Every structure is written in C-alpha cells, then in structure tokens.
Amino acid sequence: MVLAIASVSVAGMAQSETPEMKYSVATNSFWSNWFIQANVAGTAFYNSGETPLHLDKSPLKGFRNNLGLSVAVGKWFTPGLGLRTKVNGIWGRTVLSDDKEFNASKYWQANEQALFNLSNMLCGYNPNRVWNFIPYIGAGIARNMSYDTYSMGLQAGLLNEFRLSRKFALNLDFSFGVHEPDFDGDPSAAGTDADRMSLKSKDRDFNLEIGLTYNLGKATWNKTPDVDALNALHQSQLDALNAQLADANAENERLNDLIKNHKCPEAKTPVTVKEVAAAPVSVFFNINKSKIASRKDLQNVKALTEASKDSKFVVTGYADSKTGSASYNQALSQKRAETVADELVKMGVSRDKIEIVAKGGVADLTPISYNRRATVEIK
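None of the values given here were measured: they were computed from a predicted structure.

Caption draft 1: Structural view of the overall build of the chain. Counting secondary structure elements, the chain contains 6 helices and 12 strands. Expressed as a percentage of contacts within the chain between residues at least 6 apart in sequence, the contacts between residues at least 24 apart total 70%. Just so you have it, the chain exposes about 20200 Å², and 60% of that area is on carbon and sulfur atoms.

Caption draft 2: Here's a closer look at the side chain of Thr 149. Structurally, Thr 149 is set in strand β6 (residues 149-163). Since its relative accessible area comes to 19%, Thr 149 is described here as buried. Discounting residues that sit within four places of it in the chain, Thr 149 has contacts with Ala 142, Arg 143, Asn 144, Asp 182, Phe 183 and Gly 185.

Caption draft 3: Summary view of the pattern of salt bridges. Counted under the stated rule, the structure contains 12 salt bridges. Residue Glu 50 pairs with Lys 57 through a salt bridge whose shortest N-O separation is 3.4 Å. Here Arg 84 makes a salt bridge to Asp 173, at a shortest N to O gap of 3.4 Å. With Arg 84 in strand β3 (residues 81-93) and Asp 173 in strand β7 (residues 168-179), this pair connects stretches of sequence that are 89 residues apart. Taken individually, Arg 84 and Asp 173 each receive the classification buried, so the pair is uniform in this respect.

Caption draft 4: Main features of the sheet that holds β3. A barrel is described by the order of its strands in space; here 8 strands give the closed sequence β1-β2-β3-β4-β5-β6-β7-β8, paired in antiparallel fashion. Going from strand to strand, the sheet's axes swing by 25 degrees on average, the running direction of each strand aside. Bridge count between strand β4 (residues 104-116) and strand β5 (residues 131-144): 9 bridges; the pairing is antiparallel. Each residue of the ladder has a partner; that of Glu 112, found in β5, is Ala 139.

Caption draft 5: Geometry of helix α5 (residues 297-307). Among all positions of α5, only Asp 297, Leu 298, Val 301, Leu 304 and Thr 305 are buried. An end-on view of α5 places all buried positions within 115 degrees of arc, on one side of the element.

Caption draft 6: Quick look at the packing of aromatic side chains. Applying the stated criterion across every chain yields a total of 10 aromatic pairs. Their ring planes at 90 degrees and their centres at 5.4 Å tell us that Phe 45 and Tyr 107 sit as a pair that is edge-to-face. With a gap of 62 residues between them, Phe 45 in strand β1 (residues 34-46) and Tyr 107 in strand β4 connect regions that are remote in the sequence. Of the residues examined, Tyr 107 reaches a relative accessible area of 3% and is grouped as buried. When the centroid spacing of 5.0 Å and the interplanar angle of 50 degrees are considered together, the rings of Phe 168 and Tyr 214 count as tilted. Linking Phe 168 in strand β7 with Tyr 214 in strand β8 (residues 203-216), this pair joins segments that are 46 residues apart in sequence.

Parameters at a glance
- Residues numbered from 1 in each chain as written.
- Predicted model: local features only at pLDDT ≥ 70, side-chain atom pairs only at ≥ 80, totals over all residues.
- Heavy atoms only, no water.
- Helix = DSSP H or I, 4+ residues; strand = E, 2+ residues; numbered from the N terminus.
- Contact = heavy atoms within 4.5 Å.
- Areas by Shrake-Rupley, 256 points an atom, 1.4 Å probe, with all protein chains shown as cover.
- Buried < 20%, exposed > 50% of the residue type's maximum accessible area, 1.4 Å probe, protein only.
- Salt bridge = Lys/Arg side-chain N within 4 Å of Asp/Glu carboxyl O.
- Pairing = 2+ DSSP bridges.
- Axes fitted to C-alpha atoms, helices over the stretch in contact; angles between N-to-C directions.
- Arc of directions from axis to C-beta.
- Phe/Tyr/Trp six-rings, centres within 6.5 Å; stacked < 30°, edge-to-face > 60°.

Any functional reading would require information that these geometric values do not contain.
Here's what the structure looks like:
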C-alpha cells in the first residue's frame, strides 16, 4: 500500500502551468527533510468490557477522557511520502465506571506511521503552501503501567499542518486507535464478546493533539532540470546549422544556374559570397518562464544580426498549448518575444526595425517543450 501511494506521489509531480505549478523534484540526502513534533493531547478511551455498564459514549465525558503529551520524529522521503515514529500517553482512563478518579491510569503508546501528504500528491509540491492535508496509518505497541499489561494496536489519523515559517508549522492531529482487549488492563474484558473480530471487542481511543513541528536541516525540495528544454537547446543549435547548410546549398545552386543560363565568363579571381541564413533562429525558455533558458541561443541571434545589420527583423513568441489557458499563453508568448527583442536592441538593432508577434499556445513541434520559444527572422 505504501509503495502504491508512493508511485502516486511521484506521478503527482507532473508539469503544468496552473497558478500552483506542479513540477518534478530531486531526491534529497538521507539527512534532509527530518522533523520533530511535540503536542498536547486530549484522549477519550473506550474499553472492550464496558458494554454491560451502559455508559455515555460521548468523548467529552470526564470519566472517559484525559490529557497527555506526545512527541514524534520523522522524515519525508518525497514531498508526498514520509515515516514518523510517535510516542504518546502518560494519563489515561480504564473505563470501569462513571467515576473519573476511579478510572484513572497511566500508559504509553509507541507507533510507527506512514504519512501521505495529499496536498503535495494532488496539487503539486509548493514550499509556501499554508495548509498541508496529511492522512496516516500506523501500528505499534502500548503498555498500561497501572495494570502492567501490554498490547498491540493499529492507528489511523489525519495530520493538519499550518505553515508558520520554513522551519515551524502548527499541528492539528486527529487519530483513532484500536488495541487488543488487554490494553486498558481490565481483567473482565477477556471473553466478554463472542465475536473477537468486532470493533466492540477491542480497546479503542480517540485523540486530538495540538502542537508544533520543527523541520531539521534542509526542509525544502529542489526542482529537477527541465530535461526537455535542455534537449531543445541542443536541437535548436543543430537545426540552425542544418538551416544554414541548406541555405548555402540553395544559394550555390542558384549561382550555378545563373552562370550556366547567362553564360557568364569564368572569374579570373575567386569570388567570395557572404551567405546569410534565412531560416528563423530559435531561443528557448523553461516552462512558465519568460527568462531565456540558455544564453548560448543568443549566439545564433547575434550572428544573424551581424550579417544583416540593415535588415528588419520579426520576433515571434510562442508557448506550448498543452499547459495553461489560452489567455495565459498569449501573454506568456508576448513576454518571450519582448525579451528577445530587448536582446536585439542590446546587439545594436534599432527598435523601429523590430516587429513583435505573439502566437500564444501552439503545438507545432514535438516534444511539446520545443514550443516554449521565440524565433528571430529577417523580414
């Protein structure tokens, strides 16, 4: 079950251009993303042998509840999956009557719990999210010190974390525990219920805890590089070279045809023809960004401007249509085109010789990340 939900956590880190963006994160070292917790706990107890007493079931009754403390240490292995070792207890109740003093006992529980941060799994990792919704399940051992008994048990709960800062969070933790009948130390519990598998045959407790979480060491996750964008950068350089080669071959064929058809005399000295690539030059961007991903792309742009200083240029911005709304992509493509136009001005091109076009979200190229670009071409 843990492995299945872990796979959901990894899948949940997909990319999108929504306001709360999802993206992949890199796994941190073993010593990163640890945390400690301390809480004040209120617990209501239910005995396996109390049915004949016909006592009020409300967890607010004083003969049923008591205060206690809990401490925990844990680690997040991904933004969605973590483990926590938790110990709680001290003051409890063995519900033998409606007299809270008579019912008083002392106990402790130790549980190992698997945590599932559904906020990160379903909505994407966000280090500044105010509220994280974290269900958990666990198992462990408990001891009633007043009656010198031990028992095994299971626990499920919901941890709500409210961010106070990068290091601190406020906890609001609800949980329900089920234990073997001798947890409360009631000697009359054994054999009181014929159906040993029913919930009433178990000792139970409800817990409400309030406290603080302190994050140890590195408490955040780093984004992984945009692999598609990096591949696109290399591909753009190769495309530019291929385009230049194709243009050069075409120009050579044109000159050969001109000489052949017009019977031009052979030149006695070599003729040097300066070739200018007419194909658009691409400048790529990372997802949701209008900052140029690699300044190396501008080398091709600079070569184009130096070869055609007196020409007019058209800068066209694009976004990928698979992510983000149409209006968002239109604005993003405009920003990308303006960013490249600013670079042309820095290279000495007059602003009045630059035409800016925003195409919005497109799916012209494959993979989709290749469409996160702006192109420069001679008009």
